[in-house]
Each structure stands twice: as structure tokens, then as C-alpha cells.
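Notes for the structure review
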Number of protein chains: 2
Amino acid sequence: MADTLADLAAQLRIDSIRCTTAAGSGHPSSSMSAADILAVLFQKYLRFDFQQPKAPHNDRFVLSKGHACPVLYSAFKAAGAIDDKELLTLRQFGSRLEGHPNPHVLPLVDVATGSLGQGLAIGVGMALTARLDQLPFRTYVMMGDSETAEGSVWEAFDKAGHYKLDNLCALIDMNRLGQSTQTELGWNAEAYLARARAFGWHAVAVDGHDLGAIDRAFAEAQGKKGQPTCLVFKTEKGHGYSLIANKDGWHGKPLPEDKAKEAIQELGGLRDVRIQVKKPEAKKPSGQDAAAPLKLPTYEVGQKEATRKAYGDALLALGNARPDVVALDAEVSNSTYSQEFKKAHPQRYFEMYIAEQNMVSTAVGMAVLGKRAFVSTFAAFLSRAYDQIRMAAISNATVHLCGSHAGVSIGEDGPSQMALEDLAMMRAVGGSTVVYPSDANQTAKLLAQLVERKGITYLRSTREKTPVLYPASEEFPIGGSKVLRQSDQDVATVVAAGITLHEALKAYELLKQDGVLVRVIDLYSVKPVDVKTLRKAAREAQGRLVVVEDHWAEGGLGDAVLEAFTGEREQLPTVVRLAVKKLPGSGKPAELLSAAGIDAEHIVDSVTSLVEDSPLDTEGREKPEEGTWGHTNA
Amino acid sequence: MADTLADLAAQLRIDSIRCTTAAGSGHPSSSMSAADILAVLFQKYLRFDFQQPKAPHNDRFVLSKGHACPVLYSAFKAAGAIDDKELLTLRQFGSRLEGHPNPHVLPLVDVATGSLGQGLAIGVGMALTARLDQLPFRTYVMMGDSETAEGSVWEAFDKAGHYKLDNLCALIDMNRLGQSTQTELGWNAEAYLARARAFGWHAVAVDGHDLGAIDRAFAEAQGKKGQPTCLVFKTEKGHGYSLIANKDGWHGKPLPEDKAKEAIQELGGLRDVRIQVKKPEAKKPSGQDAAAPLKLPTYEVGQKEATRKAYGDALLALGNARPDVVALDAEVSNSTYSQEFKKAHPQRYFEMYIAEQNMVSTAVGMAVLGKRAFVSTFAAFLSRAYDQIRMAAISNATVHLCGSHAGVSIGEDGPSQMALEDLAMMRAVGGSTVVYPSDANQTAKLLAQLVERKGITYLRSTREKTPVLYPASEEFPIGGSKVLRQSDQDVATVVAAGITLHEALKAYELLKQDGVLVRVIDLYSVKPVDVKTLRKAAREAQGRLVVVEDHWAEGGLGDAVLEAFTGEREQLPTVVRLAVKKLPGSGKPAELLSAAGIDAEHIVDSVTSLVEDSPLDTEGREKPEEGTWGHTNA
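Residues numbered from 1 in each chain as written. Chains lettered and ligands numbered in written order. Predicted model: local features only at pLDDT ≥ 70, side-chain atom pairs only at ≥ 80, totals over all residues. Heavy atoms only, no water.

Selection criterion: UniProt positions are given in the numbering used here, feature names are shortened, and annotations may be inferred rather than shown by experiment.
Per an unreviewed UniProt entry, the recorded name for chain A is Transketolase, and the organism is Corallococcus terminator. What UniProt states about chain A under its Sequence similarities (unreviewed entry) heading is, verbatim, "Belongs to the transketolase family." The UniProt entry for chain A carries the following comment under Subunit (unreviewed entry): "Homodimer."

Concerning the nonpolar core
Filter applied, for reference: Nonpolar cores were defined as sets of buried Ala, Val, Leu, Ile, Met, Phe, Trp, Tyr and Cys residues, with membership established by side-chain atoms within 4.5 Å. We call a residue buried when its accessible area falls under 20% of the maximum for its residue type, exposed when it is over 50%, and partly exposed in between, using a 1.4 Å probe and counting protein chains only. Note on contacts: a residue pair qualifies if any of its non-hydrogen atoms lie within 4.5 Å across the two residues.
Judged by nonpolar contacts, the single largest core of 300 residues is most densely connected at Phe157 of chain A together with Phe157 of chain B. If we ignore the near neighbours within four places in the chain, the residues touching phenylalanine 157 of chain A are Leu120, Met143, Ile172, Ala196, Phe199, Trp201 and Cys230 of chain A.

Section: helix α8 (residues 189–198) of chain B
Worth spelling out the cut-off: What counts as a helix is a DSSP run of H or I of at least four residues, what counts as a strand is a run of E of at least two, and both are numbered from the N terminus.
Most of α8 of chain B sits out of view: seven of its ten residues are buried. All of the buried residues in α8 of chain B are Ala189, Ala191, Tyr192, Leu193, Arg195, Ala196 and Ala198 of chain B. Buried residues belonging to α8 of chain B abut α7 (151–162) and α8 (189–198) of chain A together with α7 (151–162), β3 (168–174), β4 (202–207) and β5 (229–234) of chain B.

Structural notes on the relation of the copies chain A and chain B
Rules: Copies overlap after least-squares fitting; the atoms used are the C-alpha atoms of residues with pLDDT of at least 70 in both.
Laying chain A over chain B is done by rotating through 180° and shifting 0.0 Å along the axis; what remains is an RMSD of 0.1 Å. Both chain copies can therefore be described as sitting about a two-fold axis. Comparing interface residues between copies, 99% of those in chain A also sit at the interface in chain B, which points to an isologous, same-surface contact.

Topic: the UniProt feature "domain: Transketolase-like pyrimidine-binding" (unreviewed entry) in chain A
Mapped onto the present numbering, the UniProt feature "domain: Transketolase-like pyrimidine-binding" (unreviewed entry) falls on residues 305–468 of chain A. Secondary structure over residues 305–468 of chain A splits into 41% helix and 21% strand, and the C-alpha atoms at its two ends are 7 Å apart.

Overview of the pattern of salt bridges
To keep it simple, the criterion reads: Salt bridges, as used here, are contacts in which a Lys or Arg side-chain nitrogen is within 4 Å of a carboxyl oxygen on Asp or Glu.
For the structure on display, the rule yields 76 salt bridges over all chains. Note that lysine 527 of chain A and glutamate 554 of chain B form a salt bridge whose closest N and O atoms lie 3.9 Å from each other. Of this pair, lysine 527 of chain A sits in strand β17 (residues 525–527) while glutamate 554 of chain B sits in the loop between β18 (544–552) and α21 (557–563), which puts the two residues in different chains. This pair shows no difference in class: lysine 527 of chain A is buried, exactly as glutamate 554 of chain B is. Note that arginine 390 of chain B is salt-bridged to aspartate 387 of chain B, the shortest N-O span being 2.9 Å. With arginine 390 of chain B and aspartate 387 of chain B both in helix α16 (residues 386–394) and three residues apart, this pair spans about one turn of that helix. You'll find arginine 390 of chain B and aspartate 387 of chain B in the same group, each marked buried. Among the charged side chains, a network of salt bridges with common partners joins Asp15, Arg18, Lys77 and Asp84 of chain A.

Things to note about the sheet that holds strand β12 (residues 456–460) of chain A
All names here are of chain A. Which entries qualify depends on this criterion: Any two strands with at least two DSSP bridges between them are considered paired. Between N-to-C directions, angles cover 0 to 180 degrees, with each direction set by a line fitted to C-alpha atoms, over the stretch in contact for helices.
Spatially, seven strands are ordered β8-β7-β9-β10-β12-β11-β17 in an open sheet, and the strand pairing comes out mixed. The open sheet terminates on both sides in strands that have one partner only, identified here as β8 (349–351) and β17. Across this sheet, the average inter-strand angle for adjacent strands is 20°, counted without regard to direction. The pairing of strand β9 (residues 372–378) with strand β10 (residues 399–404) spans six bridges and is parallel. Note that in β10 the partner of phenylalanine 374 across the bridge is histidine 400.

Comments concerning the interface of chain A and chain B
One widely used convention gives an interface's size as the accessible area the parts lose upon coming together. Here is the rule we go by: Accessible area that two parts lose when put together, with a 1.4 Å probe and added across both, is what the buried area reports.
With 124 residues of chain A at the contact, the number on the chain B side is 124 residues. Interface area, chain A with chain B, both sides summed: about 10000 Å², of which 50% is carbon and sulfur. Run the count over chain A and chain B and you get 14 salt bridges. With a shortest N-O distance of 3.0 Å, aspartate 158 of chain B and arginine 195 of chain A are connected by a salt bridge.

Details of the packing of aromatic side chains
Quick note on the threshold: Centre distance within 6.5 Å is the pairing criterion for rings of Phe, Tyr and Trp, where only the six-membered ring of Trp is used; planes under 30 degrees apart are then read as stacked, over 60 as edge-to-face, and the remainder as tilted. Whether a charge sits over a ring comes down to the Lys NZ or Arg CZ being within 6 Å of the ring centre and within 35 degrees of the ring normal.
One pass over the full model with this rule turns up 30 aromatic pairs over all chains. Relative to phenylalanine 199 of chain A, the ring of tryptophan 154 of chain A lies with its centre 5.3 Å away and its plane at 45°, an arrangement referred to as tilted. Remark: phenylalanine 199 of chain A occurs in the loop between α8 and β4 (202–207) and tryptophan 154 of chain A occurs in helix α7; sequence separation between them is 45 residues. Like phenylalanine 199 of chain A, tryptophan 154 of chain A is buried. Here a set of aromatic residues connected by ring pairs shows up, and it is made of Trp154, Phe157, Phe199 and Trp201 of chain A together with Trp154, Phe157, Phe199 and Trp201 of chain B. The positively charged end of lysine 482 of chain A is found above the aromatic ring belonging to phenylalanine 476 of chain A, 5.4 Å away from the centroid. Directly above the aromatic system of tyrosine 436 of chain B lies the positively charged group of arginine 460 of chain B, at a separation of 4.8 Å from the ring centroid.

A word on the sheet that holds β4 of chain A
Residue and element names in this part refer to chain A. Pairing is parallel in the open sheet, where five strands are placed in the order β1-β2-β3-β5-β4. In this open sheet, the two edge strands, each paired with only one partner strand, are β1 (60–63) and β4. The average angle at which neighbouring strand axes cross in this sheet is 20°, direction not considered. The pairing of β4 with strand β5 (residues 229–234) spans six bridges and is parallel. Paired with valine 204 across the two strands is leucine 231, which belongs to β5. Strands in contact with helix α9 (residues 211–223) are β2 (139–144), β3 (168–174), β4 and β5; relative to β4, the strand with the most contacts, it is inclined by about 170°.

Description of unusual backbone geometry
The amide bond that connects lysine 527 of chain A to the next residue, proline 528 of chain A, takes the cis arrangement and shows omega of 0°. Relative to the helices and strands, proline 528 of chain A is located in the loop between β17 and α20 (531–540). With a phi angle near 70°, arginine 91 of chain B is a residue other than glycine that sits in the positive phi range. Within the secondary structure, arginine 91 of chain B is located in the loop between α5 (84–87) and α6 (119–132). By relative accessible area, which is 5% here, arginine 91 of chain B ends up buried. Of note, lysine 164 of chain B is a non-glycine position whose phi angle comes to about 50°, a positive value.

With respect to helix α14 (residues 356–367) of chain B
Counted only if it meets this: Take the number of residues in a helix, subtract one, and multiply by 1.5 Å to get its expected span.
The end-to-end C-alpha distance of α14 of chain B, which contains twelve residues, comes to 16 Å, matching closely the 16 Å that a straight helix rising 1.5 Å per residue would cover. All buried positions along α14 of chain B are accounted for by Glu356, Gln357, Asn358, Met359, Val360, Ser361, Thr362, Ala363, Val364, Gly365, Met366 and Ala367 of chain B.

Let's talk about the side chain of arginine 519 of chain B
Residues and elements named next belong to chain B. The line we're drawing: N or O atoms within 3.5 Å of each other form a polar contact, as long as, within protein, one can give a hydrogen and the other can take it, and as long as residues adjacent in sequence are counted only when both atoms are side-chain atoms.
Structurally, the position occupied by arginine 519 is in strand β16 (residues 518–522). Residue classification places arginine 519 among the buried positions, given a relative accessible area of 4%. A polar atom in the side chain of arginine 519 sits 2.8 Å from the side chain of glutamate 540. Those residues in contact with arginine 519, other than ones at most four positions away along the chain, are Val483, Arg485, Gln486, Ser487, Asp490, Ala492, Thr493, Val494, Lys536, Ala537 and Glu540.

A few points about the domain arrangement of chain A
All names here are of chain A. Threshold: The domain boundaries here were taken from an automatic or database domain assignment. In the scheme used here, Gly and all other residues not listed as nonpolar or charged are polar, with Ala, Val, Leu, Ile, Met, Phe, Trp, Tyr, Cys and Pro taken as nonpolar and Asp, Glu, Lys and Arg as charged.
In terms of domains, chain A is made up of domain 1 (2–266), domain 2 (304–467) and domain 3 (482–612). The interface of domain 1 with domain 2 comprises 27 residues on the first partner and 27 residues on the second. Around 2200 Å² of area is buried between domain 1 and domain 2 when both sides are counted, 62% of it from carbon and sulfur atoms. On the surface where domain 1 and domain 2 come into contact, there are one salt bridge. The salt bridge involving aspartate 133 is made with lysine 371; its shortest N-O contact spans 2.9 Å. Elements supplying a minimum of two residues to the side of domain 1 that touches domain 2: α6 (119–132) and α7. It is α6 that contributes the most residues to the side of domain 1 that touches domain 2, eight residues altogether. In terms of residue class, the side of domain 1 that touches domain 2 is built from twelve nonpolar, ten polar and five charged.

Below is the structure:
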């Protein structure tokens, strides 16, 4: 066995060199440090059916140090999952073998990696899924040493330790060298061990180029109960080729052809080692709740309810109906109301404590294994996990996000708790869906659609109780909108969503008293946006739109409305955007809506000014200068 | 002394209760757990001149658990910095005492807190500043126990340990109870100690309600050399009032008036303890480089250079000219070219390793103490620190961000490394400035303006070398743009910036060959945007605009251009947006620009189709459906 393993490890190095030299870019040295570890794992420990990469009983392997994908692709080749010709297409346009692993094109990997420090958190999600589904598979996550500087890694260490995930094994490829300099800890294995142990892990130092030692370490990890295991492998970057081994200045550099030849010779020359990765025992998930018909909560028109509460109620309903629904929250389940689900389905609720990055990545790990994961916290704090959300989209994962307490209307807690950028952030996620309901029935109906939807979905909920506007029978297709007020005498259209819709309706009444009729559109679907209805309103209501939103002026509802008038032969309408333009402070919700210029009174003023064709630029005049961007209290 | 301290601590509790009860919201219980610690700190250890809160020799205190601000405001009152009347305005509209500390209105605090887990990283920046300026002040950061679940906290522990910041002291208020449930570690002080020690800290467990023990612990921390000290205080949430002490269900809840009265009685009744916080010895920063005239780098027109390299050159020039300039990078200084500064000014360069959250917050800590902090990494990875950037704006901090390797034009590394949402993210930051230069001279000129600018500034740089377009003498005012091609026969305007400007110029030549003249605008200032020039172009070039950007269609250049046509009475244009709409893969830059539909050829097609008034919607047709949002390789 040892001979085959050594041969295999040499081949993984050689193939990593060959494909990066062919590509003219990539990371051979980071691949070579990990080759011995991967050889032992694939040959002896991993249980994986390459014919059915998505089978639920497969072990999972996550290459968190995604830039080392040449060694992973080389292992896939040794396992017969790809051929040599494809290996040599690395990084070419149209190849499945991208510069970092991407499941959009390569189903052999579960997730996209390449933004460092996210793999272990994804592994936590996979290991929790194994436990939930009573499946014996193990999850292995290979990290670089540099990436352990990311706090997200310690969030994952913390959660894995907390949940005692003994089906999870972290592999640290401690090759000492980062991109531009030595890592903080160099080869100080003891420091890594102390950190892992302090977070509740079993941790072992291993010579990462001693095949026997690696083998024994994996066996030890497999046998360890009640704790996850972290193997800290001391390795050399570029190990196997003396010119670059353990030398600075070789990060992310392919070998020139002559050096590649020399390296291959030093590594014993080309070979064709094939390995038979063992298949796992076929097993189906068990212990699941039974499916049931969906019974959404309903609310009486006129009743006051917060959309965040409706989110909780609807999430519970989805959970009752579908056994694949899981919920994660960052220790604010009593604010987001995911606690309704938690109470009813404690085994499918995962307390992620105040660690939003890990929460999102853990949800990704669950999602790619088939769960419908709902993730909730204050909308402002989802900004903490924006990179994880971005990467979740690249991972082709379906994750349902809910951000509560959006906008200035939360009141007294002040700006640190007010999401004013979440719509901008979520719109700019590839393939995302963004909705912003204004009442409880709408929230429930939207959530029931989101669960069927692919990709990253985002629902923005509101802290304050607001009157229910729609009967429970109403439908709210994603991509649609509701025209709540209209006539053939409309002089303008007010577009709003969520909390500001209620202000728009008040403004309608005030304007009507003065004989001014406006159209009012509830733009609950922010992305995709209802192009047709918006264009129709512009045509029919004198080409004037006032968009009002509890969000910064950039990237939110206003920009979504403008988007509807692009790529068109007809002209853009006149659009006035009422949005938050100065830093809000603390105060009562009504005070803050007024100070931000987004309440009924300001809508009335804006419509009046627009209709009177005042010479003032109703948007421009409230815009503060740089540096003095101001504060509503100042 | 002990009596005064006990009296003071009781008063801090009483005042925390009084002001939250008056406000009808807030966090008395979280304040009460911390009262004894704050009493000892303010009475005996803190050196702070309340007459000059910004004096460079003052100790710094950061309340990372910002929701406990009632106890901080109460300490300010005891110190005579605010009066009782103001204390009772807590959380009211217009009050300086917001629900979480906010330096926009209250200069007694240096930074905004309230998004948990950011205070220690800010403290790292302050402690590094003290060292750089050879000032003896100490930095104290009080954290909640719940927030230690945030990875950003461990990034900060790591950096403080790495840099052996013995002038930094972390205080953990281990009151066991979070918002909705017990913390992960409860009262397990040993677990906190082990974690802190594993990250290189001196760590001590302390009874947080024993004034003598607290006093001894602060003395020990002050005496500790070569290591930062972490004091883990075992406390009770709500300590001092038996009804709520150590009881669940009292997070973020003010006491009703009758209970407040009862609590005050149990705490010994109202009193008026005044303390004299000791002033530090006056001292000026020393060891600084001398200022020198700014000599920006210059480049020849036609020469090829990457804007990321020009960033590095210009940063070096700023560093040579101004001793207050510091640079931080997340271990990619050889990619962002901040290495030019690092080589010349190693003492003002701070290697933050791969920990973007900590990097941004550390920069905030330096910035609020007067440094001009430049922060660089791949633009994609700034998304990791979006919450920190958001909070930096609320902190009124001036931080200069540079994101390199933006867009699909980076090529082979693939989508995980490509920022496609950074413009959206940065536009939606309150008071921000966003620029995106297309050549090296422009980059240098913009950077020289950014250093004079307040608030969050963002410069997007490009990986690829591009030809220098402008002579070194050209000026590029922020808020302006450059009209590079124009005639009185222009049939449309192409708006571009950065990498796509070069495609726009190629498209111009191709169109010109066919006798089609277009205007070409370099929109290097994305926020604020040049409304005047865009409107003029629309008026003069037949009301047709094609905006082309290497960014998702949402929130970037296209939305910035549309913004210029809001709030307007005059005729509005037709806008077509060419942007990234499918997930890119790996490939050569030119292949990826083409696949994304944002190269010269696609610009030509778009202009042609627009001018020919084709019935096709040139924007809409490339938009993928949900779920199947696609991949350029698929």
C-alpha cells in the first residue's frame, strides 16, 4: 500500500504541475504541500461514489483552500472521474476546471471555494445534516494555514465544538508560507493545536509528508467520539521539487516548461496510478418528520401585525408541511420570530449564536445536501456575511435569508441596528430574488413561494406592527406588484414597499382631500421587478413617479424602479426618489420617518411639488455634501 | 475608597435603570452587570481629560457591547461630562444619547458600536497608533460575552497577540445570558481564558462584582508587559436588583416604573456621587516622519500600466508626503501593490493577514485617532467587511478603501475572486465617495484627492495593464467626468469607467468606421456622479445612453447614471445597460469581457441596435430567468 500511496502522491504533484504549466497560471506549490494528505484520504478513508456524487450517503470533502484545486482535480483524475485531457483544460474558457472549484460547472464539488475561510463553516452544515438525517457519512474540510486568520474559521471551530461534531474532520495544510509573506504562526503547530483545543476540538500534529503518520492520524480522527478532530499537518509548500520547496516567492506561479520538466523528473517521472475510491454503504436519510399539506397563517384585514411575526408564523407553517425545512438564527430568534419554528421543531432549528458568517455558510452546507435552509437575523447584520452570501450564489446554493428590523422605522435603537443598505446588497447578488412585504398575509404568501425558488432569496421584514392590507386569499406572484389605488385622473404614481407603503396610502388620502389623485403601487417584489406595471403607470399617470423607501437612496427600491425603464425605446419617466439621505439617530418610528423625509407628509409635498412643476429639484435639494453628510439630530 | 466605589457602582446601576425606564426602552440588565467594572475603571485607572476628549494622550475606552451604553452614559454623568437632565433624554429624538453610542452626536465616544464584535478590532487600531506615535496611553475595550461568538473578535485577539499589544486590555462582561438564551459558554471562565491564551494573551478570571478583585485585576493588566491582557469578569445580568439578577427574559427591557422604584430602593436609594477621572500627562505624538511636498507618480500616455500598480505608486507618494498616512493590507500587498508603501515605510505599514474584518475596524481605530488609513485587498474580499464598513460610516470615521482585481477582467482565477458587487455595496454606504479610474495618471490624481476627503472612500482598481489615456497634467475632480469623444453629430453616448472605458474607446473607432459618431464619457466618479455632463450628453446626443460596466447590472455604474436623471423636469433619455448578467467562469480577460457582453463588439452592437430602433429590447433579452441564471460556460 505504501508504495502505491507514494506513487499516487507523486502523481498528484506531477499532475498539479502539468495542468498549471499548461494553463500558464494557477497554484502548483499550494497543491504540492497537500498531495500526501489527499493521497491517503482518497485512497484509504474517503467513501464516495463518483457515479452518484450527490448521493446522501457519500462522505463530503470541501477544499476550503480552493486555489489548491489542481491537486483536487488531479485526485479526481486518479479516481477516474475526469480524464487527463480534461485535466489539461484547467482555467481555460469553457472548461469545467476553473481556477477555483465551481459546482455550477463541476458537480463533483458541492460548493464554490476561493474566498478563504468559508469551508469549515460549510462543513459544519454538512456534519449537522448528517446528524439530523441519521446518516453515517463523514465530512472532511481541508484548509490552508493562512486562512485560519479569518474569524469565520473560528466561528466554525466554535460551532463544531459546541455541537460536538465528531463526524467532522478539519485538515490544516500548515505549509508556513502565505501569498506575500510567512503566515503569522509559521510552523508553530502547538499554537494551532492550542487554539483548536480551546474551541473544544481534539487536535493532533502530524508530519504531512509521512504517509504512515497521515494514515494513523486519519484513523485516530475516525475513532474519536464526542469531539470534532483537527489534524495539523506540517508540510512544505512546493514539496517534492527542491527548487521551490519551502521557498518564498512561488505562490500562485506555474512552473515554466523547463522547470516543470525538471520537477517531474525529480518526482520520478510520469506515471498512471489509478485508485478505486471506496463507495459508501447505501443508506437513506431517516428520522425525518412526515410531509403535510401547507397551511399558511392568515390575518384579518385591518388587524395590526408585524411582518417579522408573520415571517415566524409562515416559517412554522412551512416547517410543519415540509420535513426538509431547517431554520438557523443568530441568537435573535425572539426578534426575528424564527422562535415559532424553534419551539415546534427544535431538532430542525439550529442556534448559531451571534456569528452571522458561520450561520450563512452552515446553511450553504445544509442547502447543497438538500435542505431548504431559512436564515434569519436583523437585516443590518446580514451585512456581516455578505462575502458568504456572494459565495453561496457562486456555489449555486439555494438559501433563504430573512432580515428583520430594516430601516429607520425600528426607532430608538439607532442607526447601528437599522439596515439601510440591505436591498442594495441583496440585489447585487447573482440570480437573487428580493422581496419586501408590507403586510402579514403578503409575507406568508411570499415565503411560500420563496421556498420553491432557487438561488439566494431575501425577505426584508419590518419591526413595527402595521395594518393588514390584503385579504388572506390574495396572491402575490414574485415579479409582480399590486396597484392599490388608481383612477383615470392620476397625476402621478407613488411607488412604495414595506413600511413606506403605509405612508403612501396615508399620502393618497391627504392628496385626495385636495383633489389630487395618484396611483399607489406596492412594489413588494424588488427583484425581479414588475416592469410592465411600472411602465403602464408611467404611461397612464403623466410620466411622474415618486419612489419612497426606508433605505439609502442608492441601490434599493429607487434603483429597482429606474431599472424598469432601461433598455426601452420610450423615455424614462420623471422619477423622484424619497429615501434616507442623512444618518438617522434614535427616536420614535414616526419621528424618524419624518426626519428622513419618507413619511406621508413628505410624499404629499413631493407629489405636490412635482405636479406644480416647481423649479426646485425635489430630490437634489436634500442631498448633503461630502464630509458634512449630516445627521438628523445635528 | 471602597465605599465610594460601591456607592458609585450602585449609582451607575440606578442611573442605568432611571434613564431606560424614562426612555421606555433600552438595556438596563446588560448595564448593571458591567457597573462594578466601569466604576473601578473610571475611578482608578482611566486617564481621560473630559475637557479634551480628542487629546492624543487620553486613554481610550471602547464599549463594544454598545447596547450597555446606559452604564457608560451614567459614568459620563458621574464624571461631570453630562448632566442628569441630559441623561434622562436617552433614546429621545434629538438627544446625543442614542440607543447605541454614536460619535456623530456624542464626541465623548470615539466610535459607534452596536453591531457586536467590532470593538476589540478598533482597540487594536488604537493600541497600534499609541505604539506608532510613542504615546503611553492605554486602550480598554469592554465586550459582552455573547459577542465573543463573532469571528471578528478572534481576528482581533489574534492580531493583538501577534503584535504583543500590552497597551491593550480586553474586558469580558461574562454575565452568562444572551438576548434569547444562555451564551454558548455560560459562566465557563476557563474556556474564555484558554481561548484568549491560545491567541497569545495574558488572561485572568475575576469576580466582576468584587470591587477589590476588579481593582487588583486592572493593576495586574497594567503591569503586564509583552502581551495584551484579557480580564474575564464573572457577573450577573441585572446584578443589584434581585427580581431580575441572573434571570432570563430581561434582555433589552426597561423596568416598569414601580419596579424601577423598587430596584432603586434595593440599591440603596438615589445618591449623587461625583468622580474626578484622572487626567493623563500631556504628551505629543513623537517619532513621526517629516512632512514633504506631494510628488505624485506620472506615466506616459500610451504606456501600459495597471491602475492597481498606480495605486501602489501613489500611496507611496502620499506616504512620503504625509506622516499621518498609514497602510493596511490583508496579506495581498504584492497584488494590490500596497507593497510599495510597505517597503518604504515599514513602520507605518500594518500586515493584517487574511482577516478583512479586523483590517477595516483596525483602520477605524487608527482613523478616529487622526491617521489617514488606506486599506487594500481584492475588491471581492472587502465584501467580508461590509458590516465593519457600514459601522465605520456611522462612526464618522474617514477610511480609504482600495479594492483591486475587480470584475470579470481578472481572467483565469474565476468568479470567487471577481468583485461584481463592490460598487453597489460602496455606493450604499452613507456619505461615501466611490471612484473607478481607468488609467494610471487618473488613479494617482484621484488618490491625492481622496486623502483630503472625509468619510468612507473607495477606489476600485483593475488587475490588467491598460494604456495610459491622460497626460499627467490632467485634473479629475471628484464629482466630475471626462468627455473623451464628442461631436455635434453624436447619435448616442457611451458611458464607461475603468476597464470598460478602453472597450468604449475601441467601440468608438469601430462605429466611426461605419460613420456612426458617439460621445464617450469616462465616469470615473461613480459617487458623487456628474449629473451635469450626463444630462448635457443626453440632450446633445439624441437622448440615448449605453452604460457599460464590469459589475452586476444592479447597483453599479448603470444605477449611478440613472440616478443623474432623477428629480428632473427635462426630457429623459433612453438608457441601455451592458453589465454582467450571468455567472462568469475562468478564461482570458478578453474572452470573459466578451462572454459577459461588455466588450467593444457588444457596445457596437448595442449602439447600432439602439440607433436603428430595433424592436428588440437590448437589455431585457440577456436577462436570465431565476434558478437558471446561468453560467457563461454552461
